Amino acid sequence: MIALLWFVIFIAVFIALAYVRAGLRTTTVAIGVLLAICTGTSTGAPVAFILWLVFVGVFATLNIGALRKPLLTRPALKLFRGVLPTLSATERTALDAGTVWWEGELFSGRPNWRRLEELPPARLSEEEQAFLDGPVQTLLDLCDEWRITHEDADLPHDAWQYIKDNKFWGMIIPKRYGGLEFSAYAHSCVLAKVGSGPAGGTVGPVVAVPNSLGPAELLMHYGTEEQRDHYLPRLAAGEEIPCFGLTSPFAGSDAGAIPDRGVVCRGQWRGEDVLGMKLTWDKRYITLAPIATVLGLAFKMYDPDGLLGGETELGVTCALIPTDTPGCHIGRRHFPASAPFQNGPTRGTDVFVPLDMIIGGREMIGQGWRMLMECLSVGRSISLPSGSTGDAICNTRLTGAYAVTRRQFNISIGEFEGVAEALARIGGKTYACESVRRFTANAVDLGEKPSVASAIAKYHVTTLAQEVAKDAMDVHAGKAVMLGPSNPVARSFQAAPVNITVEGANILTRSMMIYGQGAIRCHPYVLDEIEAANNRDQSAALNAFDNLLYRHVGHDLAAAARSLVMGFTGGLGSAAGRTGQLAPYYRAMNRYSANLALISDVAMATLGGTLKFRESQSARLGDVLSHLYIASATLKRFVEDGEHTEDLPLVAWVCENAFAEIEAALAGVLRHLPGRAAALAAGALIFPLGRTARAPSDGLGRRIARLVQTPGAARDRLTPRCYISETRTDTALALFERAMAATLATADLHKSVVKARKAGAIDADHPRDQIDQAEYNGVLDAAEATRLREAFELQMAVIHVDDFDPDEMRSRVRKAASDRASAA
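Quick look at the overall build of the protein chain now. Within the protein chain one finds 33 helices and eight strands. Expressed as lengths along the three principal axes of its C-alpha atoms, the size of the protein chain is roughly 105 × 90 × 45 Å. Classification of the 824 residues of the protein chain by burial places 55% in the buried group. Of the contacts made within the protein chain by residues no fewer than 6 positions apart, 76% connect residues no fewer than 24 positions apart. Total accessible area on the protein chain stands at roughly 34800 Å², and carbon and sulfur atoms take up 56% of it. When the 82 positive and 88 negative side-chain charges of the protein chain are each reduced to one mean point, those points stand 7 Å apart.

Let us now look at the environment of T28. Its place among the elements puts T28 in helix α2 (residues 24-41). Judged by relative accessible area, T28 falls into the buried class, the value being 17%. Those residues in contact with T28 that sit more than four places away from it in its chain are F55, F59 and N63. Within polar-contact distance, the side chain of T28 engages the backbone oxygen of L24 at 2.7 Å.

Next up on the list: the pairing of strand β4 (residues 294-302). Counting buried residues in β4 gives seven out of nine residues, a clear majority hidden from the surface. Two strands pair when backbone bridges link them, and strand β1 (residues 242-245) and β4 are joined in this way by four bridges, in the parallel orientation. For F244, the partnering residue across the bridge sits in β4 and is G296. Sheet topology note: the strand β2 (residues 261-269)/β4 ladder contains three bridges and is parallel. Bridge pairing in β4 links V263 to Y302. When β4 meets strand β5 (residues 313-322), the two strands line up antiparallel, connected through nine bridges. Note on β5: the bridge partner recorded for L295 is I321.

Core analysis: the largest hydrophobic core is formed by 123 residues, its most contacted members being I599, Y629 and F659. Beyond its immediate chain neighbours, meaning those up to four positions away, Y629 contacts W101, W102, E103, L106, V436, F439, T440, A453 and I456. Counting residues in each nonpolar core, the second largest holds 66 residues, with L155, F299, C328 and Y723 among its members.

Let's shift gears to the packing of helix α4 (residues 65-83) against helix α21 (residues 526-533). In contact at an axis separation of 10 Å, α4 and α21 are set at 100 degrees when each is read in the N-to-C sense. Here α21 runs roughly perpendicular to α4, going by the angle between their axes. The segment α4 lies against α21, with L77, F80 and R81 engaging E529, I530, A532 and A533. For the contact of α4 with α21, a count of residues per class yields five nonpolar, no polar and two charged.

Compared with an ideal rise of 1.5 Å per residue, which puts 12 residues at 16 Å, helix α11 (residues 184-195) spans 16 Å between its outermost C-alpha atoms and is within 8% of the ideal. Across the 12 residues of α11, 12 count as buried, placing the element largely inside the fold. Looking only at α11, the buried set comprises A184, Y185, A186, H187, S188, C189, V190, L191, A192, K193, V194 and G195. In the core, the buried residues of α11 are packed alongside α8 (126-141), α12 (200-208), α15 (368-405) and α16 (417-445).

Scanning all chains against the criterion turns up 15 aromatic pairs. Geometrically, the ring pair formed by F107 and Y515 is stacked, given 5.9 Å between the ring centres and 25 degrees between the ring planes. Of this pair, F107 sits in helix α6 (residues 102-107) while Y515 is found in helix α20 (residues 506-521), placing the two residues 408 residues apart along the sequence. By relative accessible area, F107 is classed as buried at 0%. Ring pairs connect the aromatic residues F131, Y162, F168 and F182, which therefore count as one cluster. A cation sits over an aromatic face here: R562 above Y19, 4.9 Å from the ring centre.

Mapped onto the secondary structure, S196 falls in the loop between α11 and α12. With a relative accessible area of 3%, S196 lands in the buried category. Polar contacts involving the side chain of S196 include one to the main-chain amide nitrogen of Y723, which spans 2.9 Å. In this view, S196 contacts G390, D391, C394, R721, C722 and Y723; residues no more than four positions away in its chain are not counted.

Working definition: the covalent bond between the sulfur atoms of two cysteines is a disulfide. Enumeration according to the criterion identifies zero disulfides in this entry. Distance from the sulfur of C328, which forms no disulfide, to the nearest cysteine sulfur (C243) is 7.9 Å. Accessibility expressed as a relative area gives 10% for C328, which makes it buried. The structure places no disulfide on C722, whose sulfur is separated from the nearest cysteine sulfur, that of C394, by 4.8 Å. We classify C722 as buried; its relative accessible area is 14%.

Here we take up the pattern of salt bridges. Under the defined criterion, the tally for this structure stands at 35 salt bridges. Taken together, the shared-partner salt bridges connect E434, R437, R438, K636, R637, E640, D641 and R721 into one network.

For helix α13 (residues 215-222), the buried fraction is high: six of the eight residues fall into the buried class. Among all positions in α13, only P215, A216, E217, L218, L219 and Y222 are buried. Buried positions along α13 lie against α14 (225-236), β1, β4, β5 and α15.

Within the secondary structure, A559 is located in helix α22 (residues 538-569). Among all residues touching A559, those that are not within four sequence positions of it are A594, A597 and L598.

All right, on to a nonpolar patch on the surface then. A cluster of nonpolar side chains, namely F49, I50, L53, V54 and V58, defines an oily patch on the protein surface of about 480 Å² accessible area. Positionally, F49 belongs in helix α3 (residues 45-63).

The residue R270 is not glycine, and still its phi comes out positive at about 50 degrees. Locating R270 in the fold gives a position in the loop between β2 and β3 (272-287). Taking the relative accessible area as the measure of exposure, R270 reaches 73% and is therefore exposed. A positive phi angle, near 55 degrees, is found at R721, a position not held by glycine. Structurally, R721 can be placed in the loop between α28 (713-718) and α29 (732-745).

Assignment of secondary structure puts S338 in the loop between β5 and β6 (343-354). In this structure the side chain of S338 is engaged in a polar contact, spanning 3.2 Å, whose partner is the side chain of R491. Leave out the neighbours within four places in its chain, and S338 touches T149, R491, Q494 and A495.

Calculation rules
Residues numbered from 1 in each chain as written. Predicted model: local features only at pLDDT ≥ 70, side-chain atom pairs only at ≥ 80, totals over all residues. Heavy atoms only, no water. Helix = DSSP H or I, 4+ residues; strand = E, 2+ residues; numbered from the N terminus. Buried < 20%, exposed > 50% of the residue type's maximum accessible area, 1.4 Å probe, protein only. Contact = heavy atoms within 4.5 Å. Areas by Shrake-Rupley, 256 points an atom, 1.4 Å probe, with all protein chains shown as cover. Lys, Arg positive; Asp, Glu negative; His and termini not counted. Charge placed at Lys NZ, Arg CZ, Asp CG, Glu CD. Polar contact = N/O pair within 3.5 Å; in protein donor to acceptor, adjacent residues only side chain to side chain. Pairing = 2+ DSSP bridges. Core = buried A, V, L, I, M, F, W, Y, C linked by side-chain atoms within 4.5 Å. Axes fitted to C-alpha atoms, helices over the stretch in contact; angles between N-to-C directions. Parallel < 35°, antiparallel > 145°, perpendicular 65-115°, else oblique. Nonpolar A, V, L, I, M, F, W, Y, C, P; charged D, E, K, R; others polar. Expected span 1.5 Å × (residues − 1). Phe/Tyr/Trp six-rings, centres within 6.5 Å; stacked < 30°, edge-to-face > 60°. Lys NZ or Arg CZ within 6 Å of the ring centre and 35° of its normal. Disulfide = S-S within 2.5 Å. Salt bridge = Lys/Arg side-chain N within 4 Å of Asp/Glu carboxyl O. Patch = residues over 30% accessible without salt bridge, like charges linked within 9 Å, V, L, I, M, F, W, Y side chains within 5 Å.

Right, dumping it as structure tokens:
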């Protein structure tokens with residue numbers, strides 16, 4: 001019995017030491033002292049002698065480098081090299097391109113919440129706020145969604161000119177070049193508001209692309225001074241229309257496989273014989289290409305004749321080509337799903353241009369892939385997450401208003417639990433979108449190039465916004481499927497796949513990028529261990545790997561101990577932020593962070609270099625990291641917004657949903673690990689009491705549904721900077737908001753009419769007739785009847801659907817062709 005007690009004590013002490021991540025020397029002393037106490041209080045001398053031999057043998061080997069390195073580290077290094085994942089040059093460039101930010105804390109197994117709380121909040125300057133309130137509002141006032149998406153398949157001329165005149169394409173360009181020089185957060189807010197406006201899926205890309213991965217961004221970071229002086233002022237003023245060609249028919253997500261080529265040669269340029277290159281390309285899906293005046297181009301460069309005096313294959317290179325260059329073909333258009341922004345192919349065969357057109361000049365030959373990866377980590381943090389967030393915000397307000405305004409069985413449809421479930425998902429997911437958008441854009445302003453965080457933001461915000469659009473369609477029901485000027489939700493649903501697809505298809509972003517980069521970039525030791533293992537100096541490699549290996553082992557032991565202990569306690573006693581209301585969420589995330597640290601190393605140990613090809617497992621591991629990131633952004637937003645109690649249901653919904661998703665992902669990883677013994681051991685540490693997270697409850701959902709349907713500060717905080725027309729109050733969201741306000745203001749009057757009808761005082765069937773009878777019979781006075789009629793007319797305007805003459809439904813092109821044929 002005493003022996004069993006001592007065994008339990010030793011295990012408990014070891015777990016405690018691992019939990020606090022005690023150093024090797026501290027652990028040695030602690031175990032030695034405990035063993036001495038055990039020996040002094042026990043009578044079994046032979047057993048004690050054996051225990052001391054084991055202790056000395058183990059801890060002497062671990063503490064003495066001369067023993068540890070040959071006996072343990074060298075075999076471990078050999079094993080590590082055997083399972084080491086191979087990294088291609090493009091993968092290595094992608095890994096080196098970004099920075100590790102908050103996602104590194106989440107991967108550590110022990111997040112520092114003080115660091116999160118001390119991040120400065122995202123704020124707009126007066127100039128940036130004025131731009132949102134003025135030019136952005138005016139631009140959206142110029143746009144009519146039905147005309148853009150159905151009739152013209154383009155923005156009106158006035159909108160194009162307004163974009164140029166007000167420097168919408170110069171948001172990222174410094175003021176010294178004539179740009180606006182907005183913060184990343186302001187840039188994001190502009191795109192979010194545009195995304196919430198009419199035809200946001202069409203206007204958004206037009207504004208976003210010149211400020212994202214394109215000529216301006218590349219010139220600012222890598223261009224020569226001459227290139228910047230020439231192009232940046234013209235881009236800021238809208239005198240040049242930029243586009244950037246990367247995707248080809250043969251290289252989409254595998255952008256490094258582009259077949260487009262540039263061959264160094266001599267040729268004629270404006271009457272002179274110069275050293276240049278012949279470019280051949282075939283690009284598609286290029287936004288603004290049909291109307292561009294300057295084309296950014298990514299291609300592989302070759303020097304077969306050695307004219308540059310170096311290698312033959314020079315690597316991916318980026319250049320800027322005026323589109324009026326002979327042989328450059330643009331003009332034809334693709335038609336993105338219900339979002340007809342200018343997008344199309346561009347081609348060229350043996351187009352000769354001088355080497356001066358390479359962005360950054362000759363020094364940047366072969367550096368194109370690095371340039372693109374570094375800029376993409378910034379642009380992907382902003383463009384698509386922002387536009388999708390704006391779309392979700394608009395759908396939230398529209399659907400909340402519609403759920404109040406639309407009545408069935410004499411009550412607003414938002415009172416039905418099935419509709420309330422959809423409204424809860426809409427509200428919770430929109431809160432998550434805005435939280436991630438704000439958090440990630442702020443990272444860019446803090447100097448980060450968050451490659452992993454940007455992939456998380458891009459995948460999850462666009463996916464969540466698409467899910468919000470789907471739920472909005474379900475709530476609006478029949479009205480949502482009848483296209484026309486009166487339908488404000490269908491186009492966003494139809495266009496949602498555009499954001500899902502571009503800048504890295506979401507399927508591959510989830511299954512390859514988030515964890516594929518995150519496992520190496522964010523892990524505290526793996527990247528350094530890979531570098532040590534690849535060191536050709538064997539002695540230096542052994543020393544570096546020895547230092548890393550035992551810190552890594554300590555990391556794993558801490559993750560295992562913390563997973564086990566917090567699996568029993570739910571994280572009680574672990575570190576939490578300063579806001580007491582959020583403590584349960586911080587503590588739960590401590591547990592899941594430890595789980596991620598543990599399961600990541602178990603997966604890497606059992607799968608080795610094949611993990612990057614086990615994309616389903618990579619996706620599940622990425623889901624754990626992603627939902628920790630989403631929950632972190634949500635907690636940060638709640639504090640920045642002022643810790644309003646009314647917002648707590650939204651925080652709870654996002655966090656509870658995230659935790660349920662995390663546990664489902666962890667269970668999926670454990671189920672599909674090939675090493676069953678390791679999987680069972682990890683499962684016992686991660687889920688000692690089984691899966692405990694639960695999806696948000698019905699009661700919580702009803703609270704959010706009420707918030708979405710109740711005008712006020714909480715609803716406004718949920719949907720910040722949403723576009724509402726101040727000049728066209730009879731259309732889209734402005735109409736829906738007026739109808740909701742009128743419906744709520746006359747709710748008691750409507751109840752009086754319903755009650756009178758049940759009592760037999762009113763026998764009319766049509767609502768208009770019911771109001772007339774109620775006034776005639778004294779149920780309502782004249783003023784009340786007038787108010788109820790006005791509310792009814794607004795309700796009818798909201799539920800109205802369009803119908804068309806058959807001739808109106810024909811496309812303008814087909815109709816014009818038919819008219820010409822008839823005239824002939």
